[in-house]
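Structural overview
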Amino acid sequence: MTIRPASDRSLLITFGDEISLHAHRQVKLLTRAMETVRGILNLHPAYASLLVDFDPRLRTHPEVEDLVRERMESASHAPDVPARTVEIPVRYGGESGPDLDDVARHTGLSPARVIEFHAAADYVVYFVGFSTCFPYLGGLPPELATPRLSAPRKHVPAGSVAIGGSQAGIYPLASPGGWRLIGHTSLRLFDPEGSPPPLLRMGDRVRFVPVPEDWV
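Residues numbered from 1 in each chain as written. Predicted model: local features only at pLDDT ≥ 70, side-chain atom pairs only at ≥ 80, totals over all residues. Heavy atoms only, no water.

**Description of the confidence of the model for the protein chain**
- Overall, the predicted model of the protein chain reaches an average pLDDT of 90, with 96% of residues at or above 70.
- Averaged over each element, pLDDT in the protein chain is lowest for strand E6 (residues 123-129) (89) and highest for strand E12 (residues 180-184) (97). (pLDDT = per-residue confidence, 0-100. Helix = DSSP H or I, 4+ residues; strand = E, 2+ residues; numbered from the N terminus.)

Set out below in structure tokens:
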């Protein structure tokens, strides 16, 4: 674990420089351990790091660093919270997944095999960010890795299931985006009236379930 100042009111804690389940577990443990600390304003988890924003009127850099070390030590001895598994029904291809054929051409697989690989994998929600409740998923089969679009779309529909390089994700809200769209789900990933509003949370497991084209 490496700790260094990121600004006059934040610290960046890193757990190596690679995407891994070990680093993810460390980020998850520290995020949960710091959520209730007085004077912490925001926590921004990523694949292998956590950015901690704090109130400089209440905390100093050394104080927050000491808290991080103390909380991490305690959290490392606590039992892990069992992960939820969330099934996401997906319509693949056609209007629901306009980039499926491009992914197939890039990977040398048939569209049916792309779907098979994608739906057979077990995914982990490494963190939620980018736009409101966007889940970054680890676990994409390496056979499906495909570069992002050279020019991002101005509009990606909410519920779009996508591939970006070696990552997978789901657009919770309509927004611009450059990931390859291979399918669509009608599940709401963000409900402002929900408790909590996001369907997926850091640490969840995800399985994609193919559904017929006439599924609504």
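Once the structure has been displayed, the description carries forward.
**Remarks on the packing of aromatic side chains**
- Counted under the stated rule, the structure contains nine aromatic pairs.
- Considering the side-chain rings of tyrosine 123 and phenylalanine 208, the 5.1 Å spacing of their centres and the 75° angle between planes classify their relative orientation as edge-to-face. Taken together, the residues tyrosine 123 in strand E6 and phenylalanine 208 in strand E13 (residues 205-210) connect sequence positions 85 residues apart. Here tyrosine 123 matches phenylalanine 208 in class, with each residue buried. (Phe/Tyr/Trp six-rings, centres within 6.5 Å; stacked < 30°, edge-to-face > 60°. Buried < 20%, exposed > 50% of the residue type's maximum accessible area, 1.4 Å probe, protein only.)

**As for the pairing of strand E3 (residues 40-45)**
- Of the pairings in the sheet, the one linking E3 to strand E4 (residues 49-54) comprises five bridges and is antiparallel in character. Across the sheet, histidine 44 pairs through a bridge with leucine 51, a residue of E4.
- Turn length for the E3-E4 hairpin, with the two strands adjacent in sequence and antiparallel, is three residues. (Pairing = 2+ DSSP bridges.)

**Points about the side chain of glutamine 26**
- By the element assignment, glutamine 26 lies in helix H1 (residues 21-34).
- The exposure class of glutamine 26 is buried, given its relative accessible area of 17%.
- Beyond its immediate sequence surroundings of up to four residues, glutamine 26 is in contact with Phe15 and Met72. (Contact = heavy atoms within 4.5 Å.)

**Quick notes on the sheet that holds strand E1 (residues 2-7)**
- Pairing is antiparallel in the open sheet, where four strands are placed in the order E1-E2-E4-E3. Strand pairing shows two members of the sheet lacking a second neighbour, E1 and E3, which therefore form its edges. Averaged over neighbouring strand pairs, the angle between their axes works out to 20° when direction is ignored.
- Sheet strands in contact with H1 are strand E2 (10-14), E3 and E4, and its direction is about 165° off that of E3. (Axes fitted to C-alpha atoms, helices over the stretch in contact; angles between N-to-C directions.)

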